[in-house]
Amino acid sequence: MNYIMKNNVLLISVFIVFITSCQNKSIEFSNANMFTKDPHSFADPKKAVVNHLDLYLEANFNEKILSGTATISLKCLDADTIRLDSYDLIIKKIEALDSKDIIPLDFNYGQNDPTLGTELLIFPQKKITGNYTIIISYQTSPNAKALQWLTPEQTNGKTKPFLFTQSQAILARTWIPLQDSPGIRFTYKAKIQAPKDMMALMSASNPTELSDDGIYSFEMNEPIPSYLMALAVGDIAYQSTGPRTAVYCEPSILESAAWEFGETEKMILAAEKLYGPYQWGRYDLLVLPASFPFGGMENPRLTFLTPTVISGDRSLVALIAHELAHSWSGNLVTNATWNDFWLNEGFTVYFENRIMETVYGKGYSDMLRKLSYSDLKSEIKEFMNSEPDDTKLSIDLVGRNPDDGVTAIAYDKGFHLLLVIENLVGRKKFDLFLKNYFKTYKFKSVTTSEFVQYLKSNLLDKQQWEMADIENWIYGTGLPENCPKVYPKRFLAVESAIENILINPEYNFNNSHWSTHEWLHFLNILGENEITQNDLVKLDSRFNFTNVKNSEILSAWLVIAISQNYKNQDFDKKIEEFLFKVGRRKFLTPIYQALINSGREGFAKQIYSKARDGYHSVARETLDNLLG
Ligand code: BES
Ligand code: ZN
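A brief report on the enclosed structure follows. Every value quoted in this text rests on a predicted model; they were computed, and no experiment measured them.

### Topic: the pattern of salt bridges
Working step 1: Scanning the model with the defined rule gives 29 salt bridges in all.
Working step 2: With a shortest N-O distance of 3.8 Å, Glu95 and Lys93 are connected by a salt bridge.
Working step 3: Residue Glu95 is classed as buried on the basis of its relative accessible area, which comes to 15%.
Working step 4: Owing to a relative accessible area of 43%, Lys93 belongs among the partly exposed residues under this scheme.

Structure, rendered in structure tokens:
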């Protein structure tokens, strides 16, 4: 790593010149929601608000740290203190950039909270009104929660290490000192020094090949909230898949990834036709190693993805439609606080469904809709027993981790509310309304109450308002009675098959044309019934569930079979293998939970104690709570 050290001094000075030359990038100070108090940030945007970031970071794989400078441009109003968010950052010094002079500043740590981190207080030389720029020299902790530093063994290629970030919801502050609030937007430029044989990518303009010196430059010229800051460094290759789409991933899976996601451009065209032009230039995909804790993350210009969506038959690409839809709902129009998370996810699931309908037909999107309804029903059932308030769309996460709001309520209840409105006013009107909503609030953030107001003023009259039961949907618990249901044609065959199977597991039916979604519906119904050991064995050997390659089908089967106390050596081996290989929290949690519920906590803990090291911090946190 010595060559990095030597270059460092030179690089930083070059970088400061580069920063001073782009000082005047400022955004309008007009977004009312910059001033909505965000309960998950220490920022005081009424006094000082970030509008541009220049980042210089060096990735040190030996020590698992990022170190460098964050140069932050702020707009201030009578500010004697600048408040930023940080979490386990080691701050070395903070300076102000006053014309060309660099002035050392005092700083201190304020409030401290295990979820929110540490308030970073910075004291300008005098009260500031107007533009102000500070340079923070810092490094991250080796345990920074957003970062996962993978060893070569934890990658697909097994030869080089890998680093990726996951900033949503409030983890950007664990690798960059900033105002980590979705109501605050800024543009950014970055320079990343990576080891020479690795590529660096960000949620910004990206390289397509290795650089000679390991230095990569990035620009994001559209203002984004901090949770969309993203970085990955690794043995990464590039393949174009269309005029504005490509996949990035480890070379060993490049070909299969490029095929799997070969229809992304079709989705972008469908999305644009629905709700207006794509605003971010390119839309590329980065397929990460299997420990990535989510299905996907909508980092602007570069969606981060789990490799578990590569099924070989394009059957899980709704996830691409989902992350793409966030380019409008989320990235363009952003939830003002994490209490408004449903505005991001509910709208996105609705939009995702519309994209899928356009590209793959209504027969297909209806299946997705029904699966969403099933998830919603079971989530509501569970929460109504334990935390009924968590079934509200407008959720109160004050004093809690915003991660607690990542449930099927935001996604599927949000989706179904939009279906209610669509059914009431008709598609034509609703589409126009949504298109205008995205246009009106583009590059801004929205609170739930603002959306409610907008809906009242621009779409629903009083009678429709009451009929849709909007208040109850948004501020009430449970599932309102007018929740629409769908009966997908393609599921009729599934339902008739399962009915017969439950009587006779050898019942013969034609499933040659079944997609993943038919199988998931099949398994959902199977899971609602009691099945004998004998029948489980028969079903498994007949449909080969334990050895199925499709990650969604496999994880659903594992949960069901565990819950039915399926005993079989191959099966146990498979559970272990899957939990070791995959770090996607949506799969891990129900499997571990099923093991606990069926009296196999010992087995679960034994696997977890060995697999935990390989999971990202957000998965660990959930599972630590589950497994003690
Ligand atoms: N933005 C989310 C992932 C997320 C949410 C990360 C909250 C951290 C906090 C992403 O768009 C998402 O919803 N992913 C889903 C995809 C699915 C619903 C298609 C996932 O990862 O399962
Ligand atoms: Zn999402």
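### So, the pairing of strand 14 (residues 231–234)
Working step 1: Of the two faces of strand 14, the one holding Leu231 and Val233 and the one holding Ala232 and Gly234 are both buried throughout.
Working step 2: Sheet topology places strand 10 (residues 162–165) next to strand 14; two bridges connect them, and they run antiparallel. Looking at the pairing, Leu163 lines up with Val233 of strand 14.
Working step 3: Across four bridges, the pairing between strand 12 (residues 199–202) and strand 14 is antiparallel. Within strand 14, the position partnered with Met199 by the bridge is Gly234.

### Concerning the coordination of the zinc ion (ligand 2)
Working step 1: Bound to the zinc ion (ligand 2) are the protein donor atoms His322 (NE2), His326 (NE2), Glu345 (OE) and Glu345 (OE), situated 2.0 to 2.7 Å from the metal.
Working step 2: Metal-centred angles of 53 to 159 degrees between the six donor atoms at the zinc ion (ligand 2) mark the site as irregular.
Working step 3: For the zinc ion (ligand 2), the donor residues sit on a single chain with the sequence spacing H-x3-H-x18-E. You can see His326 sitting in the loop between helix 4 (318–325) and strand 20 (333–335) and its partner Glu345 sitting in helix 5 (residues 341–360), a full 19 residues away along the chain.
Working step 4: Here Glu345 falls in the buried class, since its relative accessible area comes to 2%.

### Remarks on the site of ligand 1
Working step 1: For ligand 1, the set of nearby residues contains 16 residues, the closest of which are Gln168, Gly295, Glu298, Glu323 and Tyr411.
Working step 2: Side-chain polar atom of Glu298 to a nitrogen atom of ligand 1: 2.6 Å apart, as the coordinates give it.
Working step 3: Within the contact set of ligand 1, an oxygen atom lies 2.7 Å away from a side-chain nitrogen or oxygen of Glu323.
Working step 4: Considering ligand 1 on its own, with 520 Å² of exposed area, one finds that the protein chains cover 89% of that surface.
Working step 5: The set of elements that each furnish at least two residues to the shell around ligand 1 consists of strand 18 (296–297), helix 4 and helix 5.
Working step 6: For the shell around ligand 1, the element with the most residues is helix 4, which contributes three residues.

### Remarks on the packing of helix 15 (residues 551–563) against helix 16 (residues 569–581)
Working step 1: At their nearest, the axes of helix 15 and helix 16 sit 11 Å apart, and the two run at 125 degrees to each other. The pairing of helix 15 with helix 16 is recorded here as oblique in orientation. Taken as a pair, helix 15 and helix 16 cross one another with a handedness that is left-handed. Contact with helix 15, carried on its side by Ser551, Leu554, Ser555, Trp557, Leu558, Ala561 and Ile562, involves Phe571, Lys574, Ile575 and Phe578 of helix 16 and no other residues of that element.
Working step 2: A breakdown of the residues in the contact of helix 15 with helix 16 according to their chemical character gives eight nonpolar, two polar and one charged.

Conventions and cut-offs
- Residues numbered from 1 in each chain as written.
- Chains lettered and ligands numbered in written order.
- Predicted model: local features only at pLDDT ≥ 70, side-chain atom pairs only at ≥ 80, totals over all residues.
- Heavy atoms only, no water.
- Salt bridge = Lys/Arg side-chain N within 4 Å of Asp/Glu carboxyl O.
- Buried < 20%, exposed > 50% of the residue type's maximum accessible area, 1.4 Å probe, protein only.
- Helix = DSSP H or I, 4+ residues; strand = E, 2+ residues; numbered from the N terminus.
- Pairing = 2+ DSSP bridges.
- Donors = N, O, S within 2.8 Å, 3.2 Å for Na, K, Ca; no water.
- Tetrahedral: all angles 85-135°; square planar, octahedral: opposite > 155°, others 65-115°.
- Near = heavy atom within 4 Å.
- Polar contact = N/O pair within 3.5 Å; in protein donor to acceptor, adjacent residues only side chain to side chain.
- Areas by Shrake-Rupley, 256 points an atom, 1.4 Å probe, with all protein chains shown as cover.
- Axes fitted to C-alpha atoms, helices over the stretch in contact; angles between N-to-C directions.
- Parallel < 35°, antiparallel > 145°, perpendicular 65-115°, else oblique.
- Left-handed = near helix turned anticlockwise from the far one by under 90°.
- Contact = heavy atoms within 4.5 Å.
- Nonpolar A, V, L, I, M, F, W, Y, C, P; charged D, E, K, R; others polar.

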